[in-house]
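Structural features, examined
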Amino acid sequence: MRNQSSCRQSETKSKSKKARRRPRSYTPVSDALSQPFTFADTELAEGIQRHSLVGLLVQALSRKRRSDGEPLTNVLCALLVWPLLKVKSLHCFCCELCQILEGKVSVLYDFLGREDVHWRGLASQLARRVDRANDLGARSQRAFVVDDTSQARAGRKVEGTSCYFDHTEGRHRKGHQVLQLGVAGEKGFLPIEAQLVTGQKGAVDKPKDKPFGDQRSSAARDMRRAREQSKPELFREMLQRALAAGFRALYVLADAWFGCKENIACCLKNHLTAIFQMKRGLLTYRYRGRDYTAYQLYGMVKRRMRPATRKARFKTASLVVSLNLETNPRQPAQWAKVRLVFSAPVRATSADTWVIFLCTDVKLSEVKILEVYSLRWSIEVYFKEIKQNLGFLKEQSGRYQLAYASVHLAALRYLLLFEAMLRAGQLSYGEIRDRESGRLQTLTYAALLWQLFRALIEGALEGLVRDLGQKVVKKVLAAIDQTVEGFLNQALQISPEQVSVQLKAEKLGYL
């Protein structure tokens, strides 16, 4: 009886421990803010002063403010702080917690409603200063990463929203689409530029009775780009501006939604190594003097695809082929050699569950290509940060200029906090002792990400635990908010659901 009661007590204790266990999170910046004696308003205030952000904001204004208006320092600080105080909306902050402003509660909305504030330029300048002041890693370990995210908006019509195809859920939704470009390094992700995307189909434009006051204003020009240009076109412009601003990296990473000839040619023109996931359409590659589609090439290599070890969950194979980057059939061909890496689960439930990666540097091995591509997950971490904790598109308004400001204000908050955590040393993920030298080595975000990524591919998670230690592995697992299989599938975008969504998008003409 005593043994049974003791067993029951231990079971109840274990159940209570599991019940009290916090949900996993992979938002390192937000998690660092939860550390003792770390205050968001203090970190933001110090960052604003350190980078002279108020002076940059003055330069971003196309016209002067009234001399009797609220000081810009107060307005900027209030705009940056409110989502970190865990209030539901900017309106709640103004009504209940806004003690920093002397004027009326409408001051913040009035300032956000200004059309002439060049928010994109302000965020880009701050990103450049953070990049120069903090070493994110050598150029050979840095990559430009592009991806899009969305925020559904139900109810009344909101300017700048559209009916878009959500490639994570495989269905049409109404809301905002945002294209983001940033640099992924050993220490994390640095957002550079963001752009709202609407397209011409199903977009909600400005009402005719409430037009922009000045069609040359920053918000008006941003809305024209959002409506008139496609995502690949916007990506190429953003990449060119990032290079002109002095941002440097060796690679460009993107998923299948950006894998097209124009983007590959743009990377080669700027001496960047492109690593894109490609779609399985009618695009042909030349191999041994003949043209083949991705399906045909996969049929040639799938029999020789082998896992790296007996416990590996994925198998890969690669081919060096030629791709004609010329899009005009009347012009002479522009052939470029590329390496195609095919990957598929060892125990796939469907024979059609496979993906293809393209790399413009044929000298890179399959392992190196996957290692670099794993950095793309850092932009997903960034989206999680700004959506969950940094007020991304949380302002309750239907005007386009507020959505335009909100996207870049979320980036400003992230940049200030990200640099503060780097300076305080709170973004290190653990240390290991080198077996040869005996010295302690700090594991960076990118290093841990790849070690876990490779361990999953090769089925060597037990060895990873033995080499790094249980505590460090738990930190990594807690930092990605996914199960082992789920993380790998999402990072590679190779799950059966994601592959089926891509095929559906191709048939609908979205991909």
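Here, every reference points to the structure presented above.
Residues numbered from 1 in each chain as written. Predicted model: local features only at pLDDT ≥ 70, side-chain atom pairs only at ≥ 80, totals over all residues. Heavy atoms only, no water.

**Concerning the side chain of T316**
Applied cut-off: Strands here mean DSSP runs of E at least two residues long; helices mean DSSP runs of H or I at least four residues long; both are numbered from the N terminus. Think of a polar contact as two N or O atoms within 3.5 Å of one another; within protein, one of them needs to be a possible hydrogen donor and the other a possible acceptor, and neighboring residues in sequence only count if both atoms come from side chains. Residue contacts are defined here by distance: any two heavy atoms, one from each residue, within 4.5 Å place the two residues in contact.
The residue T316 is located in strand β10 (residues 314-324) in this model. A distance of 2.9 Å separates a polar atom in the side chain of T316 from a polar atom in the side chain of E366. Sequence-distant contacts of T316, that is, excluding residues within four places in its chain, are made with M305, R306, F342, S343, E366 and L370.

**A closer look at helix α11 (residues 261-269)**
Filter applied, for reference: Burial here depends on accessible area, computed with a 1.4 Å probe over protein chains only, as a share of the maximum for the residue type. Under 20% is buried, over 50% is exposed, and the range in between is partly exposed.
Residues K261, N263, I264, C266 and C267 constitute the buried set of α11. Directly after α11, the chain includes H271, whose backbone phi takes a positive value near 60°.

**Some words on the packing of aromatic side chains**
The description of an aromatic ring pair rests on the distance of the ring centres and on the angle between the ring planes. Our working definition: Classification of ring pairs uses Phe, Tyr and Trp, with its six-membered ring standing for Trp, and accepts pairs whose centres are within 6.5 Å; under 30 degrees between planes counts as stacked, over 60 as edge-to-face, and the remaining range as tilted. Two limits define a charge over a ring: the Lys NZ or Arg CZ must be within 6 Å of the ring centre, and within 35 degrees of the ring normal.
One pass over the structure, following the stated rule, counts 11 aromatic pairs. With a centroid separation of 4.2 Å and an interplanar angle of 5°, the aromatic rings of Y298 and W354 are classed as stacked. With a gap of 56 residues between them, Y298 in helix α12 (residues 294-301) and W354 in the loop between β11 (335-345) and β12 (355-359) connect regions that are remote in the sequence. Comparing Y298 with W354 shows no difference in burial state: the two are buried. Grouping aromatic residues by their ring pairs yields a cluster made of F189, Y382, F383, Y414 and F418. Geometry around W354 places R280 over its ring, the cationic atom sitting 4.1 Å from the centre.

**Regarding unusual backbone geometry**
For S52, which is not glycine, the phi dihedral falls at a positive 50°. Take S52: it is sitting in the loop between α3 (40-50) and α4 (53-60).

**A closer look at the packing of helix α10 (residues 231-244) against α11**
Heads up, the condition is: Each axis is a line fitted through C-alpha atoms, taken for helices only over the stretch in contact, and angles between the N-to-C directions span 0 to 180 degrees. Orientation categories follow fixed angle ranges, with anything under 35 degrees roughly parallel, anything over 145 roughly antiparallel, 65 to 115 roughly perpendicular, and all other angles oblique. Gly is put with the polar residues, along with every residue not named as nonpolar or charged; the nonpolar set is Ala, Val, Leu, Ile, Met, Phe, Trp, Tyr, Cys and Pro, and the charged set is Asp, Glu, Lys and Arg.
At a closest axis distance of 10 Å, the pairing of α10 and α11 adopts a crossing angle of 10°. In terms of axis orientation, α10 runs roughly parallel to α11. When α10 is examined against α11, the residues P232, F235, R236, L239 and Q240 are found in contact with a partner set consisting of E262, N263 and C266. Class assignment for the residues of the contact of α10 with α11 results in four nonpolar, two polar and two charged.

**Here's the deal with the pairing of strand β4 (residues 188-197)**
If a strand is regular, its side chains alternate between the two faces of the sheet. Inclusion rule: At least two bridges found by DSSP between two strands is the condition for calling them paired.
A large share of β4 lies buried, amounting to 10 of its 10 residues. Note: strand β3 (residues 171-185) against β4, nine bridges, orientation antiparallel. Across the sheet, the residue bridging to G182 is P191, located in β4.

**Quick word on the pattern of salt bridges**
A side chain of one charge can pair with a side chain of the opposite charge if their charged atoms are brought near each other. Keep this limit in mind: By convention in these notes, a salt bridge is any Lys or Arg side-chain nitrogen within 4 Å of a carboxyl oxygen on Asp or Glu.
Per the stated rule, a full pass over the model turns up 16 salt bridges. As a salt-bridge pair, E193 and R120 come within 3.6 Å of each other at their nearest N and O atoms. Of this pair, E193 sits in strand β4 while R120 sits in helix α8 (residues 119-133); the two residues are 73 residues apart in sequence, bridging distant segments of the chain. Per residue, the accessibility class of E193 equals that of R120, and both read buried. Between R241 and E193 there is a salt bridge whose closest N-O contact spans 2.7 Å. Of the two residues, R241 is situated in helix α10 and E193 in strand β4; the sequence distance between them amounts to 48 residues. Through salt bridges that share partners, R120, E193, D222, R225, E237 and R241 make up one connected network.

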